Number of protein chains: 2
Amino acid sequence: MSDQNIIPGYIYGQQPLSSPISIEELALLKQTVLFTDEDERLLRLASDVLADQTEAILDVWYGFVGSHPHLLRYFGQQGQPDAHYLAAVRKRFGQWIIDTCTRSYDEDWLAYQQEIALRHHSIKKNQTDDAKAGPIIHLRYILAFIVPLTITMKDFLAAKGHDADTVAGMHAAWFKAVTLTAVLWSHPYVHLEEF
Amino acid sequence: MSDQNIIPGYIYGQQPLSSPISIEELALLKQTVLFTDEDERLLRLASDVLADQTEAILDVWYGFVGSHPHLLRYFGQQGQPDAHYLAAVRKRFGQWIIDTCTRSYDEDWLAYQQEIALRHHSIKKNQTDDAKAGPIIHLRYILAFIVPLTITMKDFLAAKGHDADTVAGMHAAWFKAVTLTAVLWSHPYVHLEEF
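Everything in this summary refers to the structure shown in the same document. What you are looking at is a predicted structure, and each value in this text was computed from that prediction instead of being measured.

1. Focus: the overall build of chain A
Secondary structure assignment for chain A yields ten helices and two strands. The order of α-helices and β-strands along chain A, N terminus first, is α-α-α-α-β-β-α-α-α-α-α-α. For a compact globule of 195 residues, the expected C-alpha radius of gyration is about 16 Å, and chain A comes in at 16 Å, within 12% of that figure. Considering chain A as a whole, with its 195 residues, one finds that 56% of them fall into the buried category. Within chain A, contacts between residues at least 6 apart in sequence are counted, and of these 79% link residues at least 24 apart. When the accessible surface of chain A is split by element, carbon and sulfur atoms take 55% of a total near 8300 Å². Of the side chains in chain A, 16 bear a positive and 24 a negative charge, and the two mean positions are spaced by 6 Å.

See the structure below:
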C-alpha cells in the first residue's frame, strides 16, 4: 500500500494542496482530543500490527457500508453501486489507515485531510474517480463513522499478541486520531467562522 | 440532579422545543453508530454506576476546560470566566450525563438535543443564563470533545466493581451515545442540505 504510484488519486504531499487550518490550530485540537507523543508512538506500533491486515479491515468496513442502503447510496446512483468508484476509494482508504498511524501531523498531512474533506463534500465529490454516485456524503454520517472506525479496530489491534494494556493504548490513540480526522473533514460543511 | 425544578434552563420535554431531525433519521444514525437495545440496557446500568459520581466527573471535565484557555474562553470574556454561567451549565451538564443514560431517544430527547445545540451556537449562546462569554462554541471543539467525554468516563464506570466485560460494554455504549449526541449538536453549524 505504500507505493503511491499504484493508488490513483492519492496525491499526498503534492502541490497545490493546502488546508484552511494552521499548525497552531491543529495543536489546540490535538490537546482537546488528548493526543500526545505517546499516542504518536502507539500509532507507529499500531501500523506494524495493522500493515498486513488492511484488506481484512476494509472487508469489515465495506461489509458495513454495503449492508446499509443509507450509506451505500453515497457510492452509487439509483441503487446501483459504482464498482469502479468503490474499488478506487478502497485503495486510498487502506493507505489512509497506514498514513493515520505513520505520518507526521504536519502541513502536508493537514492539506491532504482537507483534500479528503473536499472529496466527501459536493465541492469535489466524484471528480477524482469520475464516479456515478451521490453528490455529497452528508456530514452526519462522516461524524457518526467515528464509532465503527474505532470499535471495529480493537480486534485487529489485538491480533498480534500484544498485552491488554498495549492494545488498549493503541486503540485509544486510534480513537483520538480518527476523531481528529473527522473534525478536520467537517470543515467544508460548516458555516464560515463557525468551525 | 433528577429534580428539574432546581436546574434553571433545563426545559426537557417542554413546548415549543422541536428538532429538525426525524425519528426515522435518528434510527439511521443509531445504526451507523452501532447503537442497539443492548447499548440502551448498558446505559441504564451505567446510570446506576454514575448517579453518585456526577460531581466527580464534572470536576474532571471542568478541570480540563479550566486548564485550557482555548476552551475556557467560551465561558468568559477578556480572560474573565463567568462564574455564574459556569455554575449554571454545570447543573445541566450533570443532568445531561444521567439523561444520556436513562432517557428514551424519542422526539423529546431529539428536541432537547437541538436546544442544547442552539445554546452552543450563536443562535442561543449566552441567552439562557445571561452569560458574559464568547458568542459561539466553535464546532471543532464540540466534536473534539467526544474524546475527553469518552476516555475520562472509563474509570468512573469501573468504580463500582463490575467485571471488565461489563465495564467495556458500558463504556462502548457511552461512546456511541456521546458521538450520536455530538452529531445532533452539529446541526446548526452545517450548511443547509449538507448535514
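2. Re the pattern of salt bridges
Residues and elements named next belong to chain A. Enumeration over the complete set of coordinates arrives at 24 salt bridges over all chains. The partner of Asp 99 in a salt bridge is Arg 103, with the nearest N and O atoms 3.2 Å apart. For Asp 99, a relative accessible area of 5% corresponds to the buried category. Given a relative accessible area of 26%, Arg 103 falls into the partly exposed group. Here Lys 124 and Glu 115 are joined by a salt bridge, their closest N and O atoms 2.9 Å apart. On the accessibility criterion, Glu 115 (5% relative accessible area) is buried.

3. What to know about unusual backbone geometry
Cis geometry is found at the peptide bond from Gln 15 of chain A to Pro 16 of chain A, where omega equals 0°. Its location among the elements puts Pro 16 of chain A in the segment before helix H1 (23-32). For Gln 78 of chain A, which is not glycine, the phi torsion reads 45° and is therefore positive. Unlike most non-glycine residues, Glu 193 of chain B shows phi in positive territory, near 70°. Residue class for Glu 193 of chain B comes out exposed when judged on its relative accessible area of 66%.

4. Points about the packing of aromatic side chains
Residue and element names in this part refer to chain B. One pass over the structure, following the stated rule, counts 27 aromatic pairs over all chains. With 5.6 Å between their ring centres and 65° between their planes, Trp 96 and Trp 174 make a pair best called edge-to-face. With Trp 96 in helix H5 (residues 83-102) and Trp 174 in helix H10 (residues 164-185), this residue pair connects regions lying 78 residues apart in the sequence. The pair formed by Trp 96 and Trp 174 is uniform in burial state, with each residue classed as buried.

About the thresholds
Residues numbered from 1 in each chain as written. Chains lettered and ligands numbered in written order. Predicted model: local features only at pLDDT ≥ 70, side-chain atom pairs only at ≥ 80, totals over all residues. Heavy atoms only, no water. Helix = DSSP H or I, 4+ residues; strand = E, 2+ residues; numbered from the N terminus. Rg over C-alpha atoms; globule rule 2.2 N^0.38 Å. Buried < 20%, exposed > 50% of the residue type's maximum accessible area, 1.4 Å probe, protein only. Contact = heavy atoms within 4.5 Å. Areas by Shrake-Rupley, 256 points an atom, 1.4 Å probe, with all protein chains shown as cover. Lys, Arg positive; Asp, Glu negative; His and termini not counted. Charge placed at Lys NZ, Arg CZ, Asp CG, Glu CD. Salt bridge = Lys/Arg side-chain N within 4 Å of Asp/Glu carboxyl O. Phe/Tyr/Trp six-rings, centres within 6.5 Å; stacked < 30°, edge-to-face > 60°.

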